[in-house]
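Residue-level structural notes
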Amino acid sequence: IRPSVSRARNWTFSMTHIENRQRTFKVNIEVLSDLVTSISIRIWDRPVEVSITLLGRRQMAFFNRRYRRIMGPTDQISFPAPAGMQQEHFSVGDVLICPAVISEQCQTPSPDGRPDTGNINDELLLVLIHGLLHLAGMKHRLAGDKTRMIAREHELYALFHGKECSGILEPS
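Residues numbered from 1 in each chain as written. Predicted model: local features only at pLDDT ≥ 70, side-chain atom pairs only at ≥ 80, totals over all residues. Heavy atoms only, no water.

We now examine the layout of surface pockets. In this structure, the largest pocket occupies an estimated 700 Å³ of space. Every residue lining the largest pocket is counted, 26 residues in all, and those nearest its centre are R68, Q76, H130, H134 and H140. Of all the secondary structure elements, the ones that give two or more residues to the lining of the largest pocket are α2 (57–68), β5 (76–80), α4 (99–105), α5 (120–135) and α6 (143–160). Here the lining of the largest pocket gets five residues from one element, more than from any other, and that element is β5. A class-by-class count of the residues in the lining of the largest pocket yields ten nonpolar, eight polar and eight charged. (1 Å grid on protein atoms, 1.4 Å probe; cavity = no way out; pocket = protein on both sides within 12 Å on 5 of 7 lines; lining within 4 Å. Points joined across faces, edges and corners; volume = space filled by probe spheres on them. Helix = DSSP H or I, 4+ residues; strand = E, 2+ residues; numbered from the N terminus. Nonpolar A, V, L, I, M, F, W, Y, C, P; charged D, E, K, R; others polar.)

Turning our eyes to something else, we now look at α6. With 18 residues, α6 should reach 26 Å at 1.5 Å per residue; the first-to-last C-alpha distance of 26 Å fits that figure. Restricting attention to buried positions, one finds in α6 the residues M149, I150, E153, L156, Y157 and F160. Around the axis of α6, the buried residues are gathered within 135° of arc, so they sit on the same side. Exposed side of α6, more than 90 degrees from the buried face: A143, T147, R148 and A158 are the residues found there. The first or second residue beyond α6 is G162, which carries a positive phi of 80°. (Expected span 1.5 Å × (residues − 1). Buried < 20%, exposed > 50% of the residue type's maximum accessible area, 1.4 Å probe, protein only. Arc of directions from axis to C-beta.)

As a further point, take the nonpolar core. Formed by 35 residues in total, the largest nonpolar core has its most connected members in L32, I97 and L132. Taken together, the elements giving at least two residues each to this core come down to β3 (25–27), α1 (29–43), β4 (49–54), β6 (91–97), α5 and α6. Ranked by residues supplied to this core, first place goes to α5 with ten residues. Apart from residues no more than four positions distant in its own chain, L32 is found in contact with I18, V27, L54, L124, L128 and I168. (Core = buried A, V, L, I, M, F, W, Y, C linked by side-chain atoms within 4.5 Å. Contact = heavy atoms within 4.5 Å.)

This brings us to the pattern of salt bridges. One pass over the full model with this rule turns up four salt bridges. Among the ionic pairs, E19 bridges to R21, the shortest N-O distance being 3.0 Å. The exposure class of E19 is partly exposed, given its relative accessible area of 25%. Here R21 falls in the partly exposed class, since its relative accessible area comes to 43%. One salt bridge connects R57 with E104, and the closest N-O pair in it is separated by 3.0 Å. Residue R57 is found in helix α2, and its partner E104 is found in helix α4; the two are separated by 47 residues along the sequence. Among the residues examined, R57 registers a relative accessible area of 36% and is labelled partly exposed. The partly exposed category is assigned to E104, whose relative accessible area is 48%. (Salt bridge = Lys/Arg side-chain N within 4 Å of Asp/Glu carboxyl O.)

Let us look at the environment of T108. Within the element layout of this structure, T108 appears in the loop between α4 and α5. When the C-alpha atoms of T108 and G118 are compared, they prove to be 7.7 Å apart, with ten residues separating the residues in sequence.

Right, let's talk about the pairing of β6 for a bit. Two faces belong to every sheet, and in a regular strand the side chains alternate between them. Across the seven residues that make up β6, a large majority, six, are buried. Strand direction decides the pairing type here: β4 and β6, joined by six bridges, are parallel. Residue pairing across strands places E49 opposite S91, the latter belonging to β6. Across five bridges, the pairing between β5 and β6 is antiparallel. Considered in β6, the bridge of F79 is made with D94. (Pairing = 2+ DSSP bridges.)

To continue, consider the side chain of E153. Mapped onto the fold, E153 is located in helix α6. Within the local environment of E153, its side chain forms a polar contact with the side chain of H130, the two groups lying 2.3 Å apart. (Polar contact = N/O pair within 3.5 Å; in protein donor to acceptor, adjacent residues only side chain to side chain.)

Our next topic: the confidence of the model for the chain. Confidence in the prediction for the chain averages 86 pLDDT; 85% of positions are at 70 or higher. Per-residue pLDDT, averaged within each element of the chain, yields its smallest value for strand β1 (residues 2–9) (46) and its largest for α2 (97). Overall, residues 1–11 carries pLDDT values under 50, and its contacts beyond four positions in sequence, including any with other chains, amount to 35 contacts. (pLDDT = per-residue confidence, 0-100.)

Written out as structure tokens, the structure reads:
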């Protein structure tokens with residue numbers, strides 16, 4: 001686990017916890033942590049604490065089955081912190097990410113209007129943004145909510161694409 005602390009505003013700090021529990025990809029934890037912190041500062045108007053855990057396919061399939069009742073692995077699952085914890089401790093929640101699924105996903109065009117990435121690090125950026133937006137309360141079940149969420153994803157993706165996300169994941 002590598003915490004990253006970054007100044008957000010007037011003597012306040014945001015904190016990112018990263019844990020790598022998969023072996024398929026080498027992870028540049030420092031760059032990933034800084035990226036998550038930078039995106040978090042853009043999403044929340046206050047300092048926050050967020051945890052990111054990178055999982056293998058089997059671990060992600062377990063969590064997907066247990067919490068979403070869906071068989072097989074997925075790219076990310078978000079667990080927002082309870083509202084009271086968000087207000088008192090600035091903890092916004094946890095995002096689980098599966099780099100192996102992201103690696104497959106970046107090879108196919110997105111069917112739902114999300115940006116097409118073409119490489120694993122850009123896809124990771126998009127998945128991170130998506131998961132963090134869920135922690136901020138955005139959803140995509142209804143058409144209007146989905147449109148707003150995709151627009152925000154595009155906005156944040158354009159802001160960070162190519163600048164801060166290269167070299168985070170590399171095959172082991």
